[in-house]
Amino acid sequence: MDTGDIYAAAAQVLGTELTPEQAAALEDCCAAARAVCLSRLGKAPEEEHLPAFLRACALMAAGLYLDGDSSSGEVSSFTAGRLSVTTGGSGGRAARLKQAALELLRPWSRGGGAFLGVRG
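Residues numbered from 1 in each chain as written. Predicted model: local features only at pLDDT ≥ 70, side-chain atom pairs only at ≥ 80, totals over all residues. Heavy atoms only, no water.

A. Summary view of the overall build of the protein. From N to C terminus, the protein includes 4 helices and 2 strands. In the protein, which comprises 120 residues, the share counted as buried stands at 29%. For the protein, long-range pairs separated by at least 24 residues make up 65% of all intrachain contacts whose partners lie at least 6 apart in sequence. For the protein, the computed accessible surface area is about 7500 Å², with 54% contributed by carbon and sulfur atoms. (Helix = DSSP H or I, 4+ residues; strand = E, 2+ residues; numbered from the N terminus. Buried < 20%, exposed > 50% of the residue type's maximum accessible area, 1.4 Å probe, protein only. Contact = heavy atoms within 4.5 Å. Areas by Shrake-Rupley, 256 points an atom, 1.4 Å probe, with all protein chains shown as cover.)

B. Structural view of helix H1 (residues 3-14). Taking 1.5 Å of rise per residue, the 12 residues of H1 would be expected to cover 16 Å, and the 16 Å separating its terminal C-alpha atoms lies within 8% of that figure. Those residues of H1 that fall on the buried side of the exposure criterion are Ile6, Ala9, Ala10, Val13 and Leu14. Take H1 and look down its axis: the buried residues cluster within an arc of 140°, on one side only. The secondary structure elements touched by the buried residues of H1 are helix H2 (20-41), helix H3 (50-68) and helix H4 (93-105). At the N-terminal boundary of H1, the capping side chain belongs to Asp2, with an oxygen 3.2 Å from the backbone nitrogen of Gly4. (Expected span 1.5 Å × (residues − 1). Arc of directions from axis to C-beta. Polar contact = N/O pair within 3.5 Å; in protein donor to acceptor, adjacent residues only side chain to side chain.)

C. Local environment of the confidence of the model for the protein. Across the protein, pLDDT averages 83, with 73% of residues at or above 70. Within the protein, strand E1 (residues 75-79) has the poorest average pLDDT of any element, 53, and H1 the best, 95. (pLDDT = per-residue confidence, 0-100.)

D. Quick peek at the pattern of salt bridges. Counted according to the given criterion, the structure contains 3 salt bridges. Measuring nitrogen to oxygen at the nearest pair gives 3.8 Å for the salt bridge that ties Lys43 to Glu46. The class for Lys43 is exposed, based on a relative accessible area of 51%. The exposure class of Glu46 is partly exposed, given its relative accessible area of 39%. (Salt bridge = Lys/Arg side-chain N within 4 Å of Asp/Glu carboxyl O.)

E. Fine view of the side chain of His49. Within the secondary structure, His49 sits in the loop between H2 and H3. Here the side chain of His49 touches Trp108 through a polar contact of 2.9 Å, side chain to side chain.

F. View of H2. The terminal C-alpha atoms of H2 lie 32 Å apart, and with 22 residues this matches the ideal 32 Å at 1.5 Å per residue to within 8%. Listed as buried for H2 are Gln22, Ala23, Leu26, Cys29, Cys30, Ala33, Cys37 and Leu41. Considered in projection along H2, the buried side chains sweep an arc of 120° and stay on one side of the axis. In H2, those exposed residues whose orientation departs by more than 90 degrees from the buried face are Pro20, Glu21 and Asp28. Buried residues belonging to H2 abut H1, H3 and H4. Just past H2, the residue Gly42 takes up positive phi, approximately 85°.

G. Representation of the packing of H3 against H4 in the model. Put simply, H3 and H4 touch, their axes get as near as 8 Å, and they point 160° apart. Classified by the angle their axes make, H3 and H4 are roughly antiparallel. Here H3 runs over H4; the crossing is left-handed. For the pair H3 and H4, the contacting residues are Ala52, Phe53, Arg55, Ala56, Leu59, Met60, Ala62, Gly63, Leu64, Leu66 and Asp67 in the first and Arg93, Ala94, Leu97, Lys98, Ala100, Ala101, Leu102, Leu104 and Leu105 in the second. (Axes fitted to C-alpha atoms, helices over the stretch in contact; angles between N-to-C directions. Parallel < 35°, antiparallel > 145°, perpendicular 65-115°, else oblique. Left-handed = near helix turned anticlockwise from the far one by under 90°.)

Now the structure itself:
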């Protein structure tokens, strides 16, 4: 699987037309997402796991893209008194996409998680 497959799936997740500059940024995010997902697995995925791996890479790439995209136009803050609307943030969508990617990889992951704040 190459980054072209990841790009197509990530673009579908984002669901918007991209400018050439945005497309280049998404391509970079796809390469980074593939590296992140491979590092979680510790090895190349087996043939039967490729669809889940592709989806995880696409979700991770979309999340990474949204983290760096200041022109997303999503409302990140709204105030009613003296009306104030702030746009450009991903509204937590980026974090949710990256978390979903990691959840998809969890069955084949080589660890990397820990319980924080749990007292025995």
